[in-house]
Amino acid sequence: MELNEVMRTTFSARAFTGEPLPDETLYRILDNARFACSGANLQGWRVIVVREQEIRRQIASICADTFRYYRAQEIAGEVPFNPITPTEVDPSEAARTDLRYPMLGHFDDVKKVPVVLVITLDLRVVTAFDLNQARIGVISGASIYPFAWNILLGARNEGFGGVLTTFLANGEKEAQSILGLPDHYAIAAMLPLGRPVKQLTKLKRRPVESFTTINRFDGAPFKP
Ligand SMILES: Cc1cc2nc3c(=O)[nH]c(=O)nc-3n(C[C@H](O)[C@H](O)[C@H](O)COP(=O)(O)O)c2cc1C
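Please read all numbers here as calculations on a predicted model, not as lab measurements.

### Describing helix H2 (residues 23–33)
- Listed in full, the buried residues belonging to H2 are Thr-25, Leu-26, Ile-29 and Ala-33. When H2 is viewed along its axis, its buried side chains cluster within an angular range of 100° and face the same direction. Exposed residues lying more than 90 degrees from the buried face of H2 are Glu-24 and Tyr-27.
- Along its buried surface, H2 packs onto strand E1 (45–49), strand E2 (115–122), helix H6 (145–157) and strand E4 (185–194).

Structure (structure tokens):
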């Protein structure tokens, strides 16, 4: 596939056909993804290919709890888990919220979810230039998400797909223990991968001039 087409059509796939994703293909995807940039080229990523059913079940359970709470906040009109506006929804509301996330219901079935990758980041090799800002850190993520995104681009290029999920991080301590991760490895993402049931090609994204301005935040929109 041509690069621009891959970039413009890498959608979030959350339902897969029963077709397996061969190890050779997964290896090739990771072998290309590893050329992502990272701060000082320290490549702090560690990837865990989760195959064991019981581990998958436990991971799905953490994500389901988090997703219910996410939905409860969304239903309340909030931007869920927002660092600027804290939630006013009580965590007990989560238990009363429907889990409308079919994939989590069969997460332990490799026929339904062929590959699960947990992407972790060694915080010992991260330089976070926003460390001293009085706000949530964003710079550390830049040393891992180009790599995670490369995996999704690579999967798309091979006719496969997946979704970048982050909800596992809400249960990071538990996930670290389930996966045997040292404390200094942060959960950055979890990527389910497989052959998408539908291959979408039209993604909804805002146009360049709606988010690019000249000289200042309130400057004129950038247009050719
Ligand atoms: C930082 C980040 C976190 C995300 N976390 C989740 C998640 O926890 N669960 C999930 O299903 N999708 C997650 N997504 C996927 C987004 O919902 C998806 O990229 C967005 O809705 C666009 O979908 P589309 O590519 O199909 O148009 C996340 C995406 C990003 C970039």
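There's plenty left to go through after this.
### Side note on the pairing of E2
- Within E2, eight of the eight residues are buried, which leaves the element mostly enclosed by the surrounding structure.
- Judged by which residues are buried, E2 turns out to be covered on both faces: Val-115, Leu-117, Ile-119 and Leu-121 on one side and Val-116, Val-118, Thr-120 and Asp-122 on the other are all buried.
- Where E1 lies against E2, five bridges are found, and the strand directions are antiparallel. Bridge assignment links Arg-46 to a residue of E2, and that residue is Thr-120.
- Direction of pairing for E2 relative to E4: antiparallel, over a ladder of eight bridges. Within E4, the position partnered with Asp-122 by the bridge is Tyr-185.

### Examining the site of the ligand
- Near the ligand you find Phe-11, Ser-12, Arg-14, Tyr-101, Val-163, Leu-164, Thr-165, Thr-166, Phe-167 and Arg-205, and these make up its full shell.
- Between a nitrogen atom of the ligand and a side-chain N or O atom of Thr-166, the distance comes to 2.9 Å.
- Coverage of the ligand by the protein chains reaches 58% of its 630 Å² of free accessible surface.
- Residue composition of the shell around the ligand, grouped by class: five nonpolar, three polar and two charged.

### A word on the side chain of Asp-130
- Secondary-structure assignment places Asp-130 in the loop between E2 and H6.
- Reaching out from Asp-130, the side chain makes a polar contact with the side chain of Arg-135 at a distance of 3.0 Å.
- Excluding residues within four positions of it along the chain, Asp-130 makes contact with Arg-135, Ile-136, Gly-137, Val-138 and Ile-139.

### As for a nonpolar patch on the surface
- Taken together, Phe-129, Ile-136, Val-138 and Ile-139 make up a surface patch of nonpolar side chains, about 440 Å² in accessible area.
- Residue classification places Ile-139 among the partly exposed positions, given a relative accessible area of 35%.

### Concerning the sheet that holds strand E3 (residues 161–162)
- Overall, antiparallel pairing links the four strands, which are arranged E1-E2-E4-E3 in an open sheet. The sheet terminates laterally at E1 and E3, the two strands that pair on one side only.

### A short note on the nonpolar core
- With 28 residues, the main nonpolar core has Ile-59, Leu-104, Phe-107, Val-118, Leu-168, Leu-179 and Met-190 as its most contacted residues.
- Taken together, the elements giving at least two residues each to this core come down to helix H3 (53–75), helix H5 (102–105), E2, helix H7 (172–179) and E4.
- With seven residues, H3 is the single largest residue contributor to this core.
- Phe-107 has contacts with Arg-56, Ile-59, Ala-60, Val-113, Val-116, Met-190 and Pro-192, leaving out every residue within four places of it along the chain.
- Within the second largest apolar cluster, 22 residues are counted, among which are Leu-21, Leu-26, Ala-33 and Leu-193.

Conventions and cut-offs
- Residues numbered from 1 in each chain as written.
- Predicted model: local features only at pLDDT ≥ 70, side-chain atom pairs only at ≥ 80, totals over all residues.
- Heavy atoms only, no water.
- Buried < 20%, exposed > 50% of the residue type's maximum accessible area, 1.4 Å probe, protein only.
- Helix = DSSP H or I, 4+ residues; strand = E, 2+ residues; numbered from the N terminus.
- Arc of directions from axis to C-beta.
- Contact = heavy atoms within 4.5 Å.
- Pairing = 2+ DSSP bridges.
- Near = heavy atom within 4 Å.
- Polar contact = N/O pair within 3.5 Å; in protein donor to acceptor, adjacent residues only side chain to side chain.
- Areas by Shrake-Rupley, 256 points an atom, 1.4 Å probe, with all protein chains shown as cover.
- Nonpolar A, V, L, I, M, F, W, Y, C, P; charged D, E, K, R; others polar.
- Patch = residues over 30% accessible without salt bridge, like charges linked within 9 Å, V, L, I, M, F, W, Y side chains within 5 Å.
- Salt bridge = Lys/Arg side-chain N within 4 Å of Asp/Glu carboxyl O.
- Core = buried A, V, L, I, M, F, W, Y, C linked by side-chain atoms within 4.5 Å.

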